[in-house]
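# Tertiary structure, described
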Amino acid sequence: MDFNFTEEQRQFRDSLDRYLREAYDFDTRRGIIGSAEGWSRAHWQQLAELGALAIALPEDHGGFGGNAFDTLLVMEALGRAMVVEPYIATVVLGAGVIADAGSDAQKAALLPAVAGGEQLLAFALGEPRRRYALTQIATRARQDGDGWSISGRKTAVLHGDVADRIIVAARTDGEIDSAQGISLFVVDADASGLSRHGYPTQDGQRAADLHFDKVRVGADALIGPQHGALPIVEKAVDAANVALCAEAVGNMAALIEQTVNYLKTRKQFGVPIGSFQALQHRAVDMYLHAEQARSMAYLAAAKLEAGVAERRRAVSAAKVLVSQSARFVGQQAVQLHGGIGVTDELAVSHYFKRLTMITMLFGDVDHHLAQFGGQLAA
Amino acid sequence: MDFNFTEEQRQFRDSLDRYLREAYDFDTRRGIIGSAEGWSRAHWQQLAELGALAIALPEDHGGFGGNAFDTLLVMEALGRAMVVEPYIATVVLGAGVIADAGSDAQKAALLPAVAGGEQLLAFALGEPRRRYALTQIATRARQDGDGWSISGRKTAVLHGDVADRIIVAARTDGEIDSAQGISLFVVDADASGLSRHGYPTQDGQRAADLHFDKVRVGADALIGPQHGALPIVEKAVDAANVALCAEAVGNMAALIEQTVNYLKTRKQFGVPIGSFQALQHRAVDMYLHAEQARSMAYLAAAKLEAGVAERRRAVSAAKVLVSQSARFVGQQAVQLHGGIGVTDELAVSHYFKRLTMITMLFGDVDHHLAQFGGQLAA
Amino acid sequence: MDFNFTPEELAFRDEVRAFVDAELSPGLRDKVLGGKRLSKDDFIGWHKALYRKGWVAPNWPVEYGGTGWTAVQRHIFEEELADAGAPATLPFGLRMVAPVIMAFGSPAQKEYFLPRILSGEHWWCQGYSEPGSGSDLASLKTRAERQGDTYIVNGQKTWTTLGQHADWIFCLVRTNPEARKQEGISFLLIDMKTPGITVRPIIMLDGEHEVNEVWFDNVEVPVDNRVGEENKGWTYAKFLLGHERTGIAEIGRSKRWLKQLKQIATQQPASDGGKLIDDLRFRDRVAQVEIELMALEVTNLRVIAAEMEHKAPGPEASLLKIRGSEIQQTLSELMMLALGHDALPFQHAALDPGYDGPLAGPDYGPPLTGQYFNMRKTTIYGGSNEIQKNIISKMILGF
Amino acid sequence: MDFNFTPEELAFRDEVRAFVDAELSPGLRDKVLGGKRLSKDDFIGWHKALYRKGWVAPNWPVEYGGTGWTAVQRHIFEEELADAGAPATLPFGLRMVAPVIMAFGSPAQKEYFLPRILSGEHWWCQGYSEPGSGSDLASLKTRAERQGDTYIVNGQKTWTTLGQHADWIFCLVRTNPEARKQEGISFLLIDMKTPGITVRPIIMLDGEHEVNEVWFDNVEVPVDNRVGEENKGWTYAKFLLGHERTGIAEIGRSKRWLKQLKQIATQQPASDGGKLIDDLRFRDRVAQVEIELMALEVTNLRVIAAEMEHKAPGPEASLLKIRGSEIQQTLSELMMLALGHDALPFQHAALDPGYDGPLAGPDYGPPLTGQYFNMRKTTIYGGSNEIQKNIISKMILGF
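Residues numbered from 1 in each chain as written. Chains lettered and ligands numbered in written order. Predicted model: local features only at pLDDT ≥ 70, side-chain atom pairs only at ≥ 80, totals over all residues. Heavy atoms only, no water.

Chain C goes by Acyl-CoA dehydrogenase in an unreviewed UniProt entry, where it is assigned to Sinimarinibacterium flocculans. Under the UniProt heading Sequence similarities (unreviewed entry), the entry covering chain C gives this text: "Belongs to the acyl-CoA dehydrogenase family." As stated in UniProt under Cofactor (unreviewed entry), the record for chain C gives "FAD". (UniProt positions renumbered as here; feature names shortened; annotations may be inferred.)

In the nomenclature of an unreviewed UniProt entry, chain A corresponds to Pimeloyl-CoA dehydrogenase small subunit from the organism Sinimarinibacterium flocculans. Under the UniProt heading Cofactor (unreviewed entry), the entry covering chain A gives this text: "FAD". Per UniProt, chain A has the following entry under Sequence similarities (unreviewed entry): "Belongs to the acyl-CoA dehydrogenase family."

Shown next, in the form of structure tokens:
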């Protein structure tokens, strides 16, 4: 057991933090959100140059071969700066699925391009009128010659409007809710029959509803085994949840720092409001939540390569606790800022909104509590 | 609508409070708990003389014909003083069942004697290895000549060791968990075949495990319809829960008063600890809980004579909220007292223990949340 | 104690229902129930309908145009209107400045302002808070210097709700900078058309324009527009704050939201493909908040009954504010949670009545996430819940 | 970062398990796991077994008889012992007074006391708190007046855990009543057999005798039994308090309780007649506390790793105290709740080993309600959680 990051990891984190602090401040972010695209290709390229996109990708395909803790460090830094670029969609989900289950040809085609910042990916999973269960897939892929024809609707696809390629989960067999019969395909974003309705999200990022209307892909579009992609989907979603947990840890660290500073400087009744014990203790509770959340993010990262049951258990546990912490820290940061906390002007409300969305992406507290409770080891 | 008590009710409450304040202080109570019997016949007689036992019993049988709000006022006063005498067992449950469903002969035989303080009753419902569902009754009553033979075990029967007569819920038909086939009987405490193992309870009261081994009773022992007693049991338990809620309201009022006084007088760091804002706000939270609990106790009392669905809904709602309040107020009262709060010496730990048991008697929070949620009106 | 309505109360409820049926247009009703943006005309139209019926100011004495209702009647009225989807009347004229004018205003002020507040001719807004003075209201810095019959006002107010529509603003201003901070304040009524007043929008975290900054640059206000005595404004301010908290429990709206939450949870899917309302965990969350709301409703009635006896709003109003705001927050949070991934899209345009563009998720979805964000204000405004706890601590528990 | 045990760590765990298998008697194990009362001999017997193995003082430097383990080894050791049902070693000698003697004691004190603490020959108790000084420890009033080579001690200590068995007590006493309250305190080691000492039991809310009052009536203490300098005792006291919090997260015991909770919930019925553990609501409560405990375990390891780097216990220990105590309380509460109506009987005698009288409810039932009551102390003792929050507020957040 070892509970320290390596010297290389610390240096990498520091360089990333330094870059974001200098180049990606709150006003810069506001400008990016307000732009037509809603994200910045220039900053994405900078992240690529810093190695942040390649860090955890396999060395054979342009990556640095890092592990889940490297991804965690990146996500925490992105969280501190509230970066809106498509890291989870492209790197964690998209490249993650390819690295995990793609053919050599798929890896060679996509991973170096992701690492270099040239390719954006998205992962189309959720569907209208469905909630969080990963088996609730109605989108169909039918064999069509030696390829496939995909039809169905996907919703709230993270960065689905800006991605160059979409990895889509579709049913090649079985009924909705069946664990069998799910397959994954990679589809060009400009494929004929694929229409995208993009929109900003509540937290300043982008997402899209996708409509697949007999979208034709070749046999080489299939990722992993036909009918048997559920384990790949599960692992990808677990990885995304760990990334979200790490991002939330970064969000919370920044938010607590800003809140404590505010309490120390904002004066009422002639004294800093941070001199009121009830507010001090609230800040302490925020700190306690954030520290416990950090521990769970670490634990989940550590278990990401463990056996399936152990992995899923740890990830659900982390998502429960991090979400509860995110909710408390976000709500209280707003509350302690008072009126200014509910305006668009300060970063605090933006952190709060991102933290709120994190608690609802890829399974909320109830969903993960159910999943964890179903594996309650005696 | 009217949210005030009548002048008579206020006077009655005041006289009861005055008596208990003068004659039933904490040391007196300690002496009663430490006695061999664990309750005081003298104080019981005083309560009878004050009219507290008769207040809500029917006028035809020695009572004053009061309503659920009168019982509520009594219970709140008993709660303030932490009275350990068998009011719920004898008056609310025992006499309540007789008044609700007993024959004229049963009423005549039992109610005046209860009102006068001469008869103690107990209600034998819960069984070993069962939880809170009222249909989980395995005790059997078999027809035996023109009477009945009762066999089975009852546990945690409130004041079951001191009662003169036991009202027992037994199955005359059907299997465990069946709503049909439950009947009620009144049994002499010294009946042959009935053995009692009495014990003190965690909150300074008394209870007993009862073993019915072919206990023979006559046909006139049946209370209400054969096989059809579940509605009577439900109503009795609802009434007991309202009484417990009212008692908890009294407990909490006294506990908050004592805690606030302690905070104002206990000094640390040269100042009363009540000058610390975090502790003040904790006391405020106790007050908020207690006020909401009081409202729910009133609401449940108001609905005790309403239709079954409305009654059960209100009672479960009250039990949920009052229990949650009782838990918070009890725990925080102990915490705010510090070390002295976890000793046997002060009343605070005794209130805490009683409040804790109240949350677990006749259904805990989860049980009543389930019951309420099952009737979630759209 | 009697929790049942009397026949008279039931008849009154029927009268209220008949009025709402007749006067509340389906269009306005659907806007309110659907969480769409309300226009200035929406508010004024409904205000005038209530005015015509004589019901716009239940909190006013009968001689000024009040209704003379009992506490129970007011409870019925508020609950029925909220349930039906009527817009709330705005408090700034009817429930804030009007009681101050009645209690402390000059005969001329009463005669001029009160009828226009009642009729809805004047839209009022509030000039209390400043950027530097939130909970510590008395530290306000906006100055009014007297020059003959005129005050020259300079400074800045903030959090001015719907000030963009207002005809008049009531302001606390500092008329004596030398005195202790509570003792140099006066209470002015200022025409928003006066030269030198600038209103700037503040965008809230949900992207909406609801509050404003109001800047005063050498604004001339006649001394006749001062309420009461010079430098005694703090007394009137405290009087107003006591009245402001009436109705702050927002029970009517919360009951409507609870109903809406159940409808949404009946329509939204659970993870297993069934209905979300049948998911035990979600159902328990709904049940819990329903129970808390039941308790708050009784508490509210108990407090009103006690106030009727003592004839003045007491510190118990702080209890209603705290629990009422928490319940509103919980309800809005549950409605958002019910959406699952449909909570994610930010669909600003879809809140405009008549929007018929593309929609992500169900049609009831677009307002819900922003509503949750917006409701965070309820534990902050009108005296933050921390301030309310200080009040209870001092006034009720005696610390 | 690596959350897996190394082969060496796994081998060490096997060694610990083999030791426990060989040395922990089934009788003692069952007492601990069954929540029965432990006798003085139970504690001492297990202490001596650890002493013989050289494992009784993992927190001591090797030169005094410590183990020289890594933080991970200590973690493994504590967890294995707790899981197996070994009694905890008592902190008063090993983890409170011993570090103070090592750091500030005279050579003679070190030579005399440390081996006897290690071997278990001396049972120590703590003389810190007084009735008037809880969180405000420095306000203590017990006086020690110097007369030649002797201090004459008068006063009262309280909350003296297991003082009824103790051979020695370490005391904070006031040697200079004139000085500022922190500056007139000395640290004395007092033989409990000295004339003038009276120990009186305090009965706790669960009916148990665990703590005591200790009265000093003209007790003569040799000046040689003072640790360090006169009037510098507050420095040593703070040093001790820093060490006291090590291990206060009680993770080993909480993990054992979690296991026990699941066993109980598997045996207890649900209202529908099934198993309680299959009741979703109860299962969720268990899951929630398990998740919090998982987090605390990692936090504990992170804090220990940081301490190994910085070589001193920091204010992060307050975090462990707060969350550790809350988790213990939750676990004890859930075990009680699992009992349903079986939580009601007060069966004091059934906690004695060998009790075979009548029993109400299941055999694991009798200790559980009292245990919940008793655990309320964990957020009070060792510096209440409010005090811990003050520490974090000041030392970590910088307020």
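Once the structure has been displayed, the description carries forward.
Quick look at the interface of chain A and chain C now. If you look at the interface, chain A gives 49 residues, while chain C gives 52 residues. Summed over both partners, the interface of chain A with chain C buries about 4,100 Å², with 56% contributed by carbon and sulfur atoms. Scanning the region where chain A abuts chain C turns up 3 salt bridges. Arg282(A) is the partner of Glu386(C) in a salt bridge, and the nearest nitrogen-oxygen pair spans 2.9 Å. Of all the secondary structure elements, the ones that give two or more residues to the side of chain A that touches chain C are β3 (147-158), β6 (194-200), β7 (206-217), β9 (267-268), α8 (277-302), α9 (308-337), α10 (347-360) and α11 (365-373) of chain A. A per-element tally of the side of chain A that touches chain C places α10(A) first, with 6 residues. (Contact = heavy atoms within 4.5 Å. Buried area = accessible area lost by both parts, 1.4 Å probe. Salt bridge = Lys/Arg side-chain N within 4 Å of Asp/Glu carboxyl O. Helix = DSSP H or I, 4+ residues; strand = E, 2+ residues; numbered from the N terminus.)

It is possible for side chains bearing opposite charge to pair when their charged atoms get close. Counted according to the given criterion, the structure contains 88 salt bridges over all chains. Notably, a salt bridge pairs Arg13(A) with Asp14(A), separated by 3.9 Å at the nearest N-O pair. Between Glu121(C) and Arg116(C) there is a salt bridge, with the nearest N and O atoms lying 3.7 Å from each other. Judged by relative accessible area, which is 48%, Glu121(C) ranks as partly exposed. The structure contains a network of salt bridges with shared partners spanning Asp17(A), Glu76(A), Arg80(A) and Arg294(A). (Buried < 20%, exposed > 50% of the residue type's maximum accessible area, 1.4 Å probe, protein only.)

Turning to the interface of chain D and chain B, a few remarks are in order. It is common to give the size of an interface as the accessible area that goes away when the parts come together. With 52 residues of chain D at the interface, the matching set in chain B holds 49 residues. At the boundary of chain D with chain B, total buried surface from both sides reaches about 4,100 Å², with 56% on carbon and sulfur atoms. The largest contributions to the chain D side of the interface with chain B come from Leu205(D), His341(D) and Leu344(D), which together make up 19% of the buried area. The interface formed by chain D and chain B holds 3 salt bridges in total. The interface formed by chain D and chain B holds 25 residue pairs in polar contact (both at pLDDT 80 or more) in total. Looking at the side of chain D that touches chain B, the elements that each hand over two or more residues are β6 (197-203), α9 (280-310), α10 (316-338), α11 (366-375) and α12 (385-395) of chain D. Class assignment for the residues of the side of chain D that touches chain B results in 26 nonpolar, 16 polar and 10 charged. (Polar contact = N/O pair within 3.5 Å; in protein donor to acceptor, adjacent residues only side chain to side chain. Nonpolar A, V, L, I, M, F, W, Y, C, P; charged D, E, K, R; others polar.)

Moving on: the domain arrangement of chain C. Residue and element names in this part refer to chain C. One can read the domain layout of chain C as domain 1 (7-89), domain 2 (124-231) and domain 3 (249-397). Taking only C-alpha atoms into account, the centre of domain 1 sits 21 Å from that of domain 3. Contact residues are listed per partner, giving 15 residues for domain 1 and 16 residues for domain 3. Taking both partners together, domain 1 and domain 3 bury about 1,300 Å²; carbon and sulfur atoms supply 52% of that area. Between the two partners, domain 1 and domain 3, sit 3 salt bridges. Across the pair Asp 352 and Arg 37 runs a salt bridge whose closest N-O atoms are separated by 2.8 Å. (Domains from an automatic or database assignment.)

A few words on the UniProt feature "domain: Acyl-CoA dehydrogenase/oxidase N-terminal" (unreviewed entry) in chain C. In the numbering used here, UniProt assigns the feature "domain: Acyl-CoA dehydrogenase/oxidase N-terminal" (unreviewed entry) to residues 6-121 of chain C. With 69% helix and 0% strand, the stretch residues 6-121 of chain C has end C-alpha atoms that lie 37 Å from each other.

In terms of nonpolar packing, the biggest core is built from 495 residues, with Phe185(A), Phe185(B), Phe187(C) and Phe187(D) touching the most fellow members. When sequence neighbours within four positions are dropped, the list of residues in contact with Phe185(B) reads Ala141(B), Trp148(B), Ile150(B), Ile166(B), Ile167(B), Val168(B), Ala170(B), Thr172(B), Val217(B), Ala221(B), Leu222(B) and Ile223(B). (Core = buried A, V, L, I, M, F, W, Y, C linked by side-chain atoms within 4.5 Å.)

All names here are of chain A. Counted under the stated rule, the structure contains 54 aromatic pairs over all chains. Their ring planes at 70° and their centres at 6.4 Å tell us that Trp 44 and Tyr 87 sit as a pair that is edge-to-face. One end of the pair, Trp 44, is in helix α3 (residues 41-49); the other, Tyr 87, is in helix α5 (residues 87-101), with 43 residues separating them in the sequence. You'll find Trp 44 and Tyr 87 in the same group, each marked buried. (Phe/Tyr/Trp six-rings, centres within 6.5 Å; stacked < 30°, edge-to-face > 60°.)

With that out of the way, let us pick up helix α3 (residues 40-53) of chain D. All names here are of chain D. In this model, α3 (14 residues) spans 20 Å end to end at C-alpha, consistent with the 20 Å of a helix rising 1.5 Å per residue. The complete set of buried residues in α3 reads Asp 42, Phe 43, Trp 46, His 47, Ala 49 and Leu 50. Axial view of α3: buried residues confined to an arc of 160°, hence all on one face. Along α3, exposed side chains directed more than 90 degrees from the buried face belong to Asp 41 and Arg 52. (Expected span 1.5 Å × (residues − 1). Arc of directions from axis to C-beta.)

Residue and element names in this part refer to chain D. Burial of strand β5 (residues 185-191) is extensive: 6 of the 7 residues sit out of reach of the surface. Two strands pair when backbone bridges link them, and strand β4 (residues 168-174) and β5 are joined in this way by 7 bridges, in the antiparallel orientation. The residue bridging Leu 172 from the neighbouring strand is Phe 187, located in β5. As judged from the 2 bridges shared by β5 and strand β8 (residues 226-227), these two strands associate in the antiparallel manner. When the bridges of β8 are listed, Phe 187 appears paired with Val 227. (Pairing = 2+ DSSP bridges.)

What follows deals with the side chain of Asp206(D). All names here are of chain D. Here Asp 206 lies in the loop between β6 and β7 (209-222). It is Lys 377 that comes nearest to the buried, bridge-free Asp 206 among opposite-charge side chains, at 6.8 Å. Within the local environment of Asp 206, its side chain forms a polar contact with the backbone nitrogen of Glu 208, the two atoms lying 3.1 Å apart. Here Asn 374 takes part through its side chain, which lies 3.1 Å from a polar atom of the side chain of Asp 206. Not counting chain neighbours up to four residues away, the residues in contact with Asp 206 comprise Phe 346, Gly 370 and Asn 374. (Lys, Arg positive; Asp, Glu negative; His and termini not counted.)

Quick look at unusual backbone geometry now. Phi at Trp159(C) takes a positive value of approximately 60°, unusual for a residue other than glycine. Position of Trp159(C) among the secondary structure elements: in the loop between β3 (150-157) and β4 (168-174). The phi angle at Asn218(D) is positive, at roughly 50°, despite the residue not being glycine. By secondary structure assignment, the location of Asn218(D) is in strand β7.

Turning our attention to the domain arrangement of chain A. Residue and element names in this part refer to chain A. Domain assignment breaks chain A into domain 1 (7-117), domain 2 (122-227) and domain 3 (231-377). The C-alpha-based centres of domain 2 and domain 3 are spaced at 30 Å. The contact between domain 2 and domain 3 buries some 1,200 Å² in all, and 74% of this surface belongs to carbon and sulfur atoms. Summed over the three residues of domain 2 that lose the most area to domain 3, namely Tyr 132, Leu 134 and Asp 203, the buried surface amounts to 46% of that side. The partner of Asp 364 in a salt bridge is Arg 131, and the shortest N-O contact between them spans 3.1 Å. For the pair domain 2 and domain 3, the number of links is 3 residue pairs in polar contact (both at pLDDT 80 or more). Each residue belonging to the side of domain 2 that touches domain 3 can be placed in one class, and the counts come to 9 nonpolar, 3 polar and 2 charged.

Moving on, we get to the environment of Asn300(D). Residue and element names in this part refer to chain D. Residue position: Asn 300 is located in helix α9. Residue Asn 300 is classed as buried on the basis of its relative accessible area of 10%. Excluding its chain neighbours within four sequence positions, the residues that come into contact with Asn 300 are Ala 249, Ile 251 and Leu 320.

All names here are of chain A. Here Ala 89 is to be found in helix α5. Its relative accessible area of 2% is what places Ala 89 among the buried residues. A sequence separation of 38 residues divides Ala 89 from Gly 51, and the C-alpha atoms of the two residues are 17 Å apart. Aside from chain neighbours lying at most four places away, what touches Ala 89 is Gly 94, Leu 121, Ala 122, Leu 158 and His 159.

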